[in-house]
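So you can see what is in the structure, the chains are spelled out below.
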Amino acid sequence: MLATLFKFKGGVKPASHKDESTLAPIARAPLPPRLVVPLRQSAGGTPQPLVTAGQKVFKGERIGAPEGNFSAAIHAPTSGIVLGVESHMLPHPSGLSAPCVVIEPDGEERWIERVPVNYATESPDALRDLLRDSGVVGLGGATFPSHLKLKPGTAGRIGTLIVNGAECEPWITCDDLLMRERAGEIVHGIAILRHIASADRVLIGIEDNKPQAIAAMRAASAQATGVEVVPVPTRYPAGGEKQLIRVLTGIEIPYGRFGTEFGVQCFNVGTAWSVHRAIEKGEPLVSRIVTLTGNVERPGNFEVSIGTPIDELLKLVAPRADTDRYIMGGPMMGFTLPRTDLPLTKAANCILAASPALIPHPGPEMPCIRCGACTRACPAELQPHELYWFARAKNFGKAQEYGIFDCIECGCCAYVCPSNIRLVDYYRFAKSSMRTLEREKAAADAARERFEFRNQREEREKTEKAARLAAKTAASRQAIADGEKPAAAQAPPVTDSAPALPQLDETKRALIAAAFARTQAQKDSVQPKNTDNLTPEKQAEIREIEARRAQVREMAKTPPEEPV
Amino acid sequence: MNGSPHLHLPISVRLVMLKVLIALLPGIAVYVWFFGAAILVQIALASAAALAGEAAMLRLRGKPMGLFLADGSALVTAWLIALTFPPIVPWWLTVSATLFAIVVAKHLYGGLGQNPFNPAMVAFCVSIIAFPALMSQWPAVGFTDFAAQMRVVLQSQSAQDAVTMATPLDALRTQLHTPEARATVAGVLGSHATFGNIGGKGWEWIALAYLAGGLWLLQQRIITWHVPVAFLGVLALIAGGFSLGNPERFAGPTFHVITGGAMLGAFFIATDPVSGATTPRGKLLFAAGAALLTWIIRNFGAYPDGMAFAVLLMNMCVPLIDMGTQPPVFGRKDEGRNGRTP
């Protein structure tokens, strides 16, 4: 049965430039002399290093433990020796640095013991944990941990699984080649994803400019029931998760909601391939397919070990002399790399060499003439020119009201803008400013609450103390007046810290002794520290954390080594 | 700054404006055919004044001169002024009106993209209020002698009754809708030399040429269908309704659509993106409102054509229209048409 296709509004049709890099089959990139593996390569927490300098590691050995469930493990991409855990600049628009495990490969590619798992006999929970520990994240570029996307949502379960082979960005062909060459393995991965999600049907969306990939995927999935390969019209951003879900199912997932809430979830074909390898071969995610294309002599696709320095890769394709910048990701959503000696991460689907002739620099920015070309191109159905005014005027409230967070930053608006306005940059600025303001506000609120609470507590303690004092005084006066035997007799023996009070009369001495006794009793009854009485496991954990903190402090002291 | 997207369509403000100018060419050619070459002189005068005013204001405001002079927006304003003014108005009126449009209506409001009112229409309204007689001095059909036209433009000879004539709209209005009017539509149309087959003699062909240029702009995706369709549709609907109700007093839809500034306005003036509404429903409302006001002013107002006033009045409503017609965002359609959560 042919699925009914839905349309998404907007979108653009830039020249695809796919043919350049699809002539040669996927080649294996050689191991570089040094691998720099960032510990944080997915959305969520930063994994903690499990290795130290000088340690030998096997290929696929875990070198970073997932921090909590909202994270994914990191593995050694090859066998070799750990040179250290150091801070390195990451391929990220901000140019930030983060801890990386540096490995010198021994060239032997010795795997850890690989344990294939028969997914059919495993529970979804166990498989999800396995995916987390195998470091499987979305390879479409967002690197969201896959096991989290497989949790059943409010709709009960994921009825429809969408597999994203659309690959709508110009120049990128890594998914295309993967589907052409490894369709069988992708379909195996899809079967596992489907098992975990207990999905009824699977829709594999592929843009109709990839007939070979469509044919390969159809042939590989011919036996499977409920799996359908659906060619979708080529129109950027058809491969955007929300757009593809809309095209294939008609469901529109608004900002801030998840597919699982609507009984649908979307995975990239590369992710499905990694799922197959992680479960059925026991091989964690240590490599990915990367398109190296643009202004180069020999464009193509390569299977690259995570952590390979990008400049090592570029040697394989011979960039031309007039190349003036390198873009990671596609030309619509990718970013210009600040340098090329940065490690390749799980997020890197393409390195595009750009020259002024091939990808011209934008012309000077003119004022907005409200022509509305952006509105017609916006797949999120926003009014980009209005958002531009609000972002420019720092009128963030209005920007939010007009849906700035619904913007997927696909770049269609800026692509069609006759005034050359860098619209997406304005939106990014507004969004990050709003997030910062929100964080600051939350921090200020928390501080104010703490302050008010402290004032209240001090006030309360003062009044309580006064009341206690008054009551005590009254009681002791009463006692003296009644001529009763002072409390000294009932009190525990006076400690040697109690001063000798020979000059005082007996009553007073008795009162003081009673006070000391009370203080002592109070001391004894004080709650134990929350670190006492812990289970040995907890204590071990605390020691571990303390050790790790010390290590981090140590790391912070040594200046980060400049990568060569 | 991240910089994405790195790709850009080969399009610019300059190209958009250039296409608008190209789309005006057929209309100008027919104009010259019927009413002589004076219009070309007026276009040249207005263009020179617009560029001079633009250059002076750019210098005063410290803006990059080359970039903005070359954007073509001043030329579009100039050409629209020349095409909406009578072709034999004195040269100084064309020049001063254009300067007013560029200096006051455009640059004092912030320049390109910032003007709330259509500069060409501001120039038209200011001129017709200040110089009603000169602005009603339309050449008679067949008055195409260039030398004679130039003498009028340079005011070495005053325009005489022999060379000027009331426009079709003016003729119809004064004879039908003034208190002493006793004529009927059929009577006026049949008796007057100014009327052609469906509109004004000569003017009807110019209007059709504007239509051709406008359709090309539509095909080029410089404008969308909303404004021309809503403007001409509503104008035809109102005119048709009233002429059905009282055919003796109200002219029919074809006449209204093809006469005066309607066609030029529908494709070239009400479609001005800067001063117009931007949402699809907003454009429909904007154009419908302009059409309604145009028809009212044509029939009951003091001026022969209501297009310019109608557009300016609707320009004022644009912020409100845009605010009230925001379409729903992807995934939020169940929140209602204006379902933005405040």
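Treat the numbers as computed from the prediction; the structure is a model and nothing was measured.

1. A look at the overall build of chain A
Moving on, step 1. Secondary structure summary: chain A contains 14 helices and 17 strands in total.
Moving on, step 2. Overall, the C-alpha framework of chain A stretches about 105 × 60 × 50 Å when taken along its three principal axes.
Moving on, step 3. The burial tally for chain A puts 47% of its 564 residues in the buried class.
Moving on, step 4. Restricting to contacts in chain A with at least 6 residues of sequence separation, those with at least 24 account for 73%.

2. Re the overall build of chain B
Moving on, step 1. Of the regular secondary structure elements, chain B holds 16 helices and two strands.
Moving on, step 2. Looking at the 342 residues of chain B, the share that counts as buried comes to 53%.
Moving on, step 3. Pairs at least 24 residues apart make up 73% of the contacts formed inside chain B by residues separated by at least 6 positions.

3. Section: the confidence of the model for chain A
Residues and elements named next belong to chain A.
Moving on, step 1. Of all residues in chain A, 91% have pLDDT values of 70 or greater, and the mean over the chain is 89.
Moving on, step 2. The least confident element of chain A, judged by mean pLDDT, is helix α14 (residues 536–557) at 75; the most confident is strand β14 (residues 300–305) at 97.
Moving on, step 3. Within the model, pLDDT remains below 50 along residues 559–564, and this stretch shows seven contacts once partners closer than five positions in the same chain are excluded.

4. Things to note about the sheet that holds strand β4 (residues 56–57) of chain A
Residue and element names in this part refer to chain A.
Moving on, step 1. The strand order across the open sheet formed by four strands is β2-β8-β7-β4, and the pairing between neighbours is antiparallel. Because the sheet does not close on itself, it has two edges, and the strands there are β2 (35–38) and β4.
Moving on, step 2. Judged from the four bridges that link them, β2 and strand β8 (residues 97–105) form a sheet pairing that is antiparallel. Bridge pairing links Val 36 to Val 102 in β8.

5. Re the sheet that holds strand β17 (residues 350–354) of chain A
Moving on, step 1. Taken in spatial order, the six strands of this open sheet run β1-β14-β13-β17-β15-β16 (chain A), and their pairing is mixed. What marks the edges here is a single partner per strand, and that holds for β1 (27–28) and β16 (335–336) of chain A.

6. Examining the pairing of strand β11 (residues 227–232) of chain A
Moving on, step 1. In terms of residue burial, β11(A) counts as a mostly covered element, since five of its six residues are buried.
Moving on, step 2. Running through helix α4 (residues 211–220) of chain A, the crossover from strand β10 (residues 201–207) of chain A to the neighbouring parallel element β11(A) is right-handed.

7. Things to note about the interface of chain B and chain A
Moving on, step 1. Taken together, the 33 residues of chain B in the interface contact 49 residues of chain A.
Moving on, step 2. Among the elements that take part in the side of chain B that touches chain A, helix α1 (residues 13–35) of chain B stands out by supplying three residues, more than any other.

8. Here we look at the confidence of the model for chain B
Residues and elements named next belong to chain B.
Moving on, step 1. Model confidence for chain B is summarised by a mean pLDDT of 88, while 89% of its residues fall at 70 or above.
Moving on, step 2. Long-range and interchain partners of residues 337–342, a stretch whose pLDDT sits below 50, account for eleven contacts in this model, where long-range means more than four residues apart.
Moving on, step 3. Scoring the predicted complex yields pTM 0.83 and, for the interface, ipTM 0.89.

9. Looking at the environment of Pro32(A)
All names here are of chain A.
Moving on, step 1. Within the secondary structure, Pro 32 is located in the loop between β1 and β2.
Moving on, step 2. The exposure class assigned to Pro 32 is buried, which follows from the 21 C-beta atoms found within 10 Å.
Moving on, step 3. Not counting residues within four places of it along the chain, the set of residues in contact with Pro 32 comprises Thr 308, Pro 309 and Glu 312.

10. So, the environment of Arg518(A)
Moving on, step 1. Looking at where Arg518(A) falls in the secondary structure, it is placed in helix α13 (residues 506–525).
Moving on, step 2. Along the backbone, Arg518(A) and Asp324(A) are 194 residues apart, and their C-alpha atoms lie at a distance of 80 Å.

11. Re the domain arrangement of chain A
How big an interface is tends to be stated in terms of accessible area lost as the parts join.
All names here are of chain A.
Moving on, step 1. Per the domain assignment, the segments making up chain A are domain 1 (129–282), domain 2 (363–484) and domain 3 (488–515).
Moving on, step 2. One C-alpha centre belongs to domain 1, the other to domain 2; they are set 36 Å apart.
Moving on, step 3. Of the residues assigned to the side of domain 1 that touches domain 2, the class counts are two nonpolar, two polar and one charged.

12. Thoughts on the packing of helix α6 (residues 119–130) of chain B against helix α16 (residues 307–324) of chain B
Residue and element names in this part refer to chain B.
Moving on, step 1. Between α6 and α16, the shortest axis-to-axis distance is 9 Å and the interhelical angle comes to 125 degrees. With respect to α16, the element α6 is oriented oblique. Where α6 crosses over α16, the two elements pack in a sense that is left-handed. Contacts between α6 and α16 involve Met 121, Val 122, Phe 124 and Cys 125 from the former and Ala 308, Phe 309, Val 311 and Leu 312 from the latter.

13. A word on helix α7 (residues 310–317) of chain A
All names here are of chain A.
Moving on, step 1. Within α7 the residues assigned to the buried category are Ile 310, Glu 312, Leu 313 and Val 317. With its buried residues spanning 155 degrees around the axis, α7 presents them on a single face.
Moving on, step 2. For α7, the secondary structure elements touched by its buried residues are β13 (287–294), β14 and β17.
Moving on, step 3. Among the residues trailing α7, Ala 318 stands out with phi positive, at a value near 55 degrees.

14. Here's the deal with the domain arrangement of chain B
Residue and element names in this part refer to chain B.
Moving on, step 1. On domain assignment, one finds that chain B holds domain 1 (11–165) and domain 2 (176–325).
Moving on, step 2. Just the C-alpha atoms count here: the centres of domain 1 and domain 2 sit 21 Å apart.
Moving on, step 3. Opposite the 30 residues of domain 1 that make contact, domain 2 presents 29 residues.
Moving on, step 4. Going through the elements one at a time, α1, α4 (73–84) and α6 are the ones with two or more residues in the side of domain 1 that touches domain 2.
Moving on, step 5. Considering each element in turn, the side of domain 1 that touches domain 2 owes the most residues, 13 residues, to α1.
Moving on, step 6. The residue inventory of the side of domain 1 that touches domain 2, partitioned by class, reads 23 nonpolar, six polar and one charged.

15. Points about unusual backbone geometry
All names here are of chain A.
Moving on, step 1. Geometrically, the link from Tyr 236 to Pro 237 is a cis peptide bond, its omega value of 0 degrees lying close to zero.
Moving on, step 2. Turning to its location among the elements, Pro 237 is positioned in the loop between β11 and α5 (241–249).
Moving on, step 3. Phi is positive for Glu 381, which is not a glycine, with a value near 60 degrees.
Moving on, step 4. If you trace the backbone, Glu 381 turns up in the loop between α8 (373–377) and α9 (384–392).
Moving on, step 5. For Glu 381, a count of 19 C-beta atoms within 10 Å gives the class partly exposed.
Moving on, step 6. A positive phi is found at Glu 409, a non-glycine position, where the angle reads about 60 degrees.
Moving on, step 7. By the secondary structure assignment, Glu 409 is in the loop between α10 (396–401) and α11 (412–416).
Moving on, step 8. Glu 409 gets classed as buried once you count the C-beta atoms within 10 Å, which come to 21.

Definitions and limits used
- Residues numbered from 1 in each chain as written.
- Chains lettered and ligands numbered in written order.
- Predicted model: local features only at pLDDT ≥ 70, side-chain atom pairs only at ≥ 80, totals over all residues.
- Helix = DSSP H or I, 4+ residues; strand = E, 2+ residues; numbered from the N terminus.
- Buried ≥ 20, exposed ≤ 12 C-beta atoms within 10 Å, placed from the backbone.
- Contact = placed C-beta atoms within 7 Å.
- pLDDT = per-residue confidence, 0-100.
- Pairing = 2+ DSSP bridges.
- Right-handed = clockwise from strand over helix to strand, strands pointing away.
- Domains from an automatic or database assignment.
- Nonpolar A, V, L, I, M, F, W, Y, C, P; charged D, E, K, R; others polar.
- Axes fitted to C-alpha atoms, helices over the stretch in contact; angles between N-to-C directions.
- Parallel < 35°, antiparallel > 145°, perpendicular 65-115°, else oblique.
- Left-handed = near helix turned anticlockwise from the far one by under 90°.
- Arc of directions from axis to C-beta.

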